[in-house]
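# Residue-level structure breakdown
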Amino acid sequence: MKRDPAPAPTMPQTHGVVENPWAALRAFTDARIGLGRAGVSLPTDKLLAFQLAHARAQDAVHCPLDIDALREALTQALDLDAAPIALKSRAEERAIYLQRPDYGRRLNEASREALEKCAESVEPKRLAIVIVDGLSALAVQRNSAPFLQAFIRALAQDTDDWRLAPITIVEQGRVAIGDEIGELLGAAAVLVMIGERPGLSSPDSLGLYLTWAPQVGLRDDRRNCISNVRPAGLCVDEAARRLMGLLEQVRERGLSGVALKDRSEENEVESIGSTRNFLVAD
Amino acid sequence: MSTTYRTRVGSKSYRFQGLGELMAKASPARSGDALAGVIAESAEQRVVAQMVLAQLPLTTFLNEALIPYEEDEITRLIIDDHDAAAFAPIRHLTVGDFRNWLLSDQATPEMLSRVRAGITPEMAAAVSKLMRNQDLILVAKKCRVVTAFRNTLGLEGRLSTRLQPNHPTDDVTGIAASILDGLLYGSGDAVIGINPATDNVAQSIKLMRLMDEVIQKYEIPTQSCVLTHVTNTLEAIEQGAPVDLVFQSIGGTEATNRSFGFDLATLAEAEAAAQSLGRGTVGQNVMYFETGQGSALSSDAHHGLDQQTCEARAYAVARKFDPLLVNTVVGFIGPEYLFDGKEITRAGLEDHFCGKLLGVPMGCDVCYTNHAQADQNDMDNLLTLLGVAGCNFVMGIPGSDDIMLNYQTTSFHDALYARRALGLKAAPEFEQWLARMQIFADVDTHRLSDRVPAAFARSLRQLPGEASHEA
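## Some remarks on the overall build of chain B
Secondary structure summary: chain B contains 22 helices and 16 strands in total. For 471 residues, the compact-globule estimate of 2.2 N^0.38 gives 23 Å, and chain B sits close to it at 22 Å. On the principal axes, the C-alpha backbone points of chain B span a range of 80 × 45 × 45 Å. Within the span of chain B, comprising 471 residues, buried residues form 58% of the whole.

Below, the structure is given as structure tokens:
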């Protein structure tokens, strides 16, 4: 639609704040554009909105996992016979966890012994599901039960019989702790569900890491990842669908990680969303 | 054979096994050196190590390689490219004397650029360990490194910005919206640079074209860059894509760079390929590098060295390829390497100082993640300190929030704060463009226009289904 050329709009001003008419572009991005300005600085409301987002992200990092509530929620949501097994890493508290990633990758002695004992009483299974607090207990608390419901529904429809090991929940853990757990349980593959590093607008993002033939000491290039699982990001049904696709490939080829990636697939242009650049449209 | 360094302080005797350990123990405290197990065991041991280091002749660093010459191509680069004539005016100094000399009135900007090729990264790292923050600022301020492509960067009294319009799905309208926002806040003279969400050749070419079209249409005296792997950019050049700058993350050991998937020969090939396109108008610096303390350790490629020494060695890689831009991404790596605002600030000042002393056009991504003990106030402080130190450029992002990489860096507003508070300006060619486009009402007083500039108002009216801005 053609429009008559209009004079350049003046930016409205209220109480010393110059507003930006292009703030309407926020319909196309979550980026904090068109914030306006007081002089050249942030207006008070925008400053406080940022501080609130940062406060939430920091709280998400430091908020401890309510492991009893999570075990209870999972038992009910998944109709489990026994509650998931609670485990701890070698990082005793948050400050140590943040500075010693190596401690977060290994179980502490008591947890290792407990899991060894448990492994004696169960047959080796094909898939071990490990829930880890990671950098956002909030993500795990909020999203792990809904995701597992969707995932287990999808597994039930699969022609293949994915016998599941008992679900474990780890406090102060990193992704690689799944290797030790999967190995101890004799699992063919391990799925780690972990709270991701909170972004300013995404304090509750869950990451899914799939590793074939887990054993202590594997590098990260042996894993495949599905990121940003949360209500405002990748929804649980879509995440479960993608994970089923990955599981099938991993099982067929007997490997996981970068070796699984097909180079031709890598050259697809991201096609979701708009393709027209309004800055050069005329 | 490594030398053992011994000393006695009061009734206690100290022993440091080799130059690498001495350097590590002399480093100001940071979590990454603790993680690597190389940190000083006590505050006193740290200062004793600094005292021993202060007495070492600078020539020690030419005779004792921290990583063996035979094992590491960066050591070979450092030794083979060392310029003995440039080194002559300072060759008689100890590390402690070197600090005094750098701060002295003898060390003028001209003198500092004369001796540059005689300084090795290890010498720069060693002297930085003896320097307080104000020393790092004062000496860096005397080191000017000027580069050019479509504008001139690094001139005295200038502070440039990289406009970073990242988007989690590389959405074209989303990216264009952030570019518009940035330009209208005076950002983007260092580069318009996108970290792609989908990292492959086809996607990179799409983003390169997007930025090239904007730069051409509005005749912006700046350059673009997609921060993808160097081998992807090489492929894009072969396919005829409009490549201004070639990007690569680099580290200070050969093994680090191998884990990043390249070596020095790859960078040489990329530089030649980009230069063959002849797209620069006022200069031909075509490389853009990012660095950061901790990358060597995280690739398990640090050879037992402290992270700041590894970082300084990355600048030997950078200066070999005459880059337009280099920046440390100082707070991105996380609290296991730099724990809090204090450690991030110190590292930012060290990296800027070492880079500038070695002749690298140093900028800084003043940033932090949400699991670090840091906040906006820490970033304000580091930004201000770097502005005083004459940093070439910082990042510019809408409202400090990178919605793709999930970290916080300096905003468009922050850069204007620094320019206003410290009397700094954009690159001269870009500054003229800002005035010509009427983005600024007055560039001298850093006063933005109260109107949407006509050229951009026209584009806003092109938006589908909205853009009626009768406010």
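## A few points about the packing of helix α17 (residues 307–320) of chain B against helix α18 (residues 341–357) of chain B
Residue and element names in this part refer to chain B. Contact pair α17 / α18: the axes reach a minimum separation of 9 Å and the direction vectors enclose 35°. Between α17 and α18 lies a crossing whose hand is right-handed. Between α17 and α18, the contacting residues are Gln308, Glu311, Ala312 and Tyr315 on the first element and Glu350, Asp351, Cys354 and Gly355 on the second. Looking at the contact of α17 with α18 residue by residue, the classes come out as 3 nonpolar, 2 polar and 3 charged.

## Quick look at the sheet that holds strand β8 (residues 206–212) of chain A
Residue and element names in this part refer to chain A. In spatial order, the strands read β4-β6-β5-β7-β8-β9; together these 6 strands make up an open sheet with mixed pairing. At either end of the open sheet lies a strand with only one pairing partner, and these are β4 (85–88) and β9 (223–229). Going from strand to strand, the sheet's axes swing by 20° on average, the running direction of each strand aside. As paired elements, β8 and β9 share 5 bridges and run antiparallel to each other. Note on β9: the bridge partner recorded for Leu210 is Asn224. Against the sheet, helix α8 (residues 236–253) contacts β7 (189–195), β8 and β9, and its axis sits at roughly 10° relative to β8.

## Side note on the domain arrangement of chain B
Interfaces are often described in size by the accessible area the parts lose on coming together. Residue and element names in this part refer to chain B. The domain architecture assigned to chain B consists of domain 1 (4–142) and domain 2 (147–436). One C-alpha centre belongs to domain 1, the other to domain 2; they are set 27 Å apart. Taken together, the contact pairs 32 residues of domain 1 with 43 residues of domain 2. For the side of domain 1 that touches domain 2, the secondary structure elements donating two or more residues are α1 (18–25), α2 (31–35), α5 (73–80), α9 (121–130) and α10 (133–142). Looking at the side of domain 1 that touches domain 2 element by element, the count peaks at 6 residues for α10. Among the residues making up the side of domain 1 that touches domain 2, the classes are represented as 19 nonpolar, 6 polar and 7 charged.

## Some details on helix α15 (residues 264–276) of chain B
Since the α-helix turns once every 3.6 residues, residues separated by three or four places project in the same direction. Taking 1.5 Å per residue as the helical rise, α15 of chain B with its 13 residues ought to reach 18 Å, and the 19 Å between its terminal C-alpha atoms agrees with that figure. On its buried face, α15 of chain B is in contact with α13 (230–238), β8 (246–249) and β9 (287–291) of chain B.

## Side note on the sheet that holds strand β2 (residues 17–18) of chain A
Residue and element names in this part refer to chain A. What the 3 strands build is an open sheet, ordered β1-β2-β3; its pairing is antiparallel. In this open sheet, the two strands that pair with only one neighbour each are β1 (13–14) and β3 (37–38). Two strands pair when backbone bridges link them, and β2 and β3 are joined in this way by 2 bridges, in the antiparallel orientation. Note that in β3 the partner of Val17 across the bridge is Ala38.

So, how was this worked out
- Residues numbered from 1 in each chain as written.
- Chains lettered and ligands numbered in written order.
- Predicted model: local features only at pLDDT ≥ 70, side-chain atom pairs only at ≥ 80, totals over all residues.
- Helix = DSSP H or I, 4+ residues; strand = E, 2+ residues; numbered from the N terminus.
- Rg over C-alpha atoms; globule rule 2.2 N^0.38 Å.
- Buried ≥ 20, exposed ≤ 12 C-beta atoms within 10 Å, placed from the backbone.
- Axes fitted to C-alpha atoms, helices over the stretch in contact; angles between N-to-C directions.
- Left-handed = near helix turned anticlockwise from the far one by under 90°.
- Contact = placed C-beta atoms within 7 Å.
- Nonpolar A, V, L, I, M, F, W, Y, C, P; charged D, E, K, R; others polar.
- Pairing = 2+ DSSP bridges.
- Domains from an automatic or database assignment.
- Expected span 1.5 Å × (residues − 1).

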